[in-house]
Amino acid sequence: MRVSLVQVESPAGEPVAARRERVGQLVAEARGADLVVLPELWAPGYFAFDRYPELAEPLDGDTVQAGREWARRLDCLLHLGSVLERDTDGRLYNTALLIDATGEIVHRYRKIHVFGYRSREAELVTPGQGVTVTRTALGRTAATTCYDLRFPELWRALVDAGAETVVVPAAWPAARRHHWRLFTSCRAVEEQIVLFACNAVGTQSGTVLGGYSRVVDPWGEVLVEADDREGITSCEVDLDVVTRARTEFPVLRDRRLGRPSPGSAGDERPDTFPSTH
């Protein structure tokens, strides 16, 4: 499987419509990839807190509609990163979406651990309430978003639900880039998954975003890593590595605490698990 991670800048002075057009051109350059991944809240810009109510969209809004069209044109899975979703009750969510080659949304995840450290996300955004795992060409796949990397109990819930691959859109600052590399590698190894992590770049409201998007396999091998500039970084991924790693070194089988009950690991259906915080 060929995977392309698309790092995006979201400068404050750029209209969202112009940004969608520019990002659409970037995505088009990833033609030939089986999976294309975008960062967290690239359309409004993560740090555009004062404009969140104005820039939020329903799931049939312009950003999602554009993503559905991009997926159809490229005939691929497109992880749209996350969008600032406004639901019918007016609540805002940081919502990650996976779209298939027909333009259908096949996986949705509302960020559970909204961020409060030098951020207004926790003030403005409603936390999600559960995780799901969906069968796709990536195997059993799931998503978390940015700050979720710091909460291993959430990741263990994903594996208990059957996850083999996890996509992580992010707007992770350059000041904590070491943590970004550490957590993306750690989560891939401890859960024996393939992790696709796509980070934002550029400067937003005085914060420099870290970039260094990466793909990490269950052995901790970094299959590819970007730099800190806008653009596309691609690699080939053998998804069978998950089965091989779990068979050769069955660490998940040897758990003694927190193991799910027999038959609860989400074999044929995308089970929903409660919030872990």
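Data block above holds the structure.
Residues numbered from 1 in each chain as written. Predicted model: local features only at pLDDT ≥ 70, side-chain atom pairs only at ≥ 80, totals over all residues. Heavy atoms only, no water.

Chemist: Give a detailed account of the overall build of the protein, specifying residues and quantitative values.
Modeler: If you tally the helices and strands in the protein, you get 7 helices and 16 strands. Over its C-alpha trace the protein gives a radius of gyration of 17 Å, about what one expects of a compact globule, namely 19 Å for 277 residues. Counting only C-alpha atoms and orienting by the principal axes, one finds that the protein spans roughly 50 × 40 × 35 Å. In the protein, buried positions account for 55% of the 277 residues. Long-range contacts, defined here as pairs at least 24 residues apart, represent 67% of the contacts in the protein between residues at least 6 apart. (Helix = DSSP H or I, 4+ residues; strand = E, 2+ residues; numbered from the N terminus. Rg over C-alpha atoms; globule rule 2.2 N^0.38 Å. Buried < 20%, exposed > 50% of the residue type's maximum accessible area, 1.4 Å probe, protein only. Contact = heavy atoms within 4.5 Å.)

Chemist: Tell me about the environment of Asp 89, residues and numbers included.
Modeler: Positionally, Asp 89 belongs in the loop between strand S3 (77-86) and strand S4 (92-99). For the pair Asp 89 and Ala 197, spaced 108 residues apart in sequence, the C-alpha separation works out to 31 Å. Here the side chain of Asp 89 touches Arg 91 through a polar contact of 3.1 Å, side chain to side chain. (Polar contact = N/O pair within 3.5 Å; in protein donor to acceptor, adjacent residues only side chain to side chain.)

Chemist: So what about helix H7 (residues 241-248)? Which residues, and what values?
Modeler: Those residues of H7 lying buried are Val 241, Val 242 and Ala 245. Projected onto a plane normal to the axis of H7, the buried residues spread over an arc of 100° and lie on a single side. (Arc of directions from axis to C-beta.)

Chemist: Can you explain the pattern of salt bridges? Please cite residues and give values.
Modeler: For the structure shown, the criterion picks out 25 salt bridges. The closest approach of N and O atoms between Asp 50 and Arg 120, which form a salt bridge, is 2.6 Å. Of this pair, Asp 50 sits in the loop between strand S2 (35-37) and helix H2 (52-55) while Arg 120 sits in the loop between strand S5 (105-110) and helix H4 (121-124), and the two are 70 residues apart along the sequence. Take Asp 50: its relative accessible area is 69%, and that puts it in the exposed class. (Salt bridge = Lys/Arg side-chain N within 4 Å of Asp/Glu carboxyl O.)

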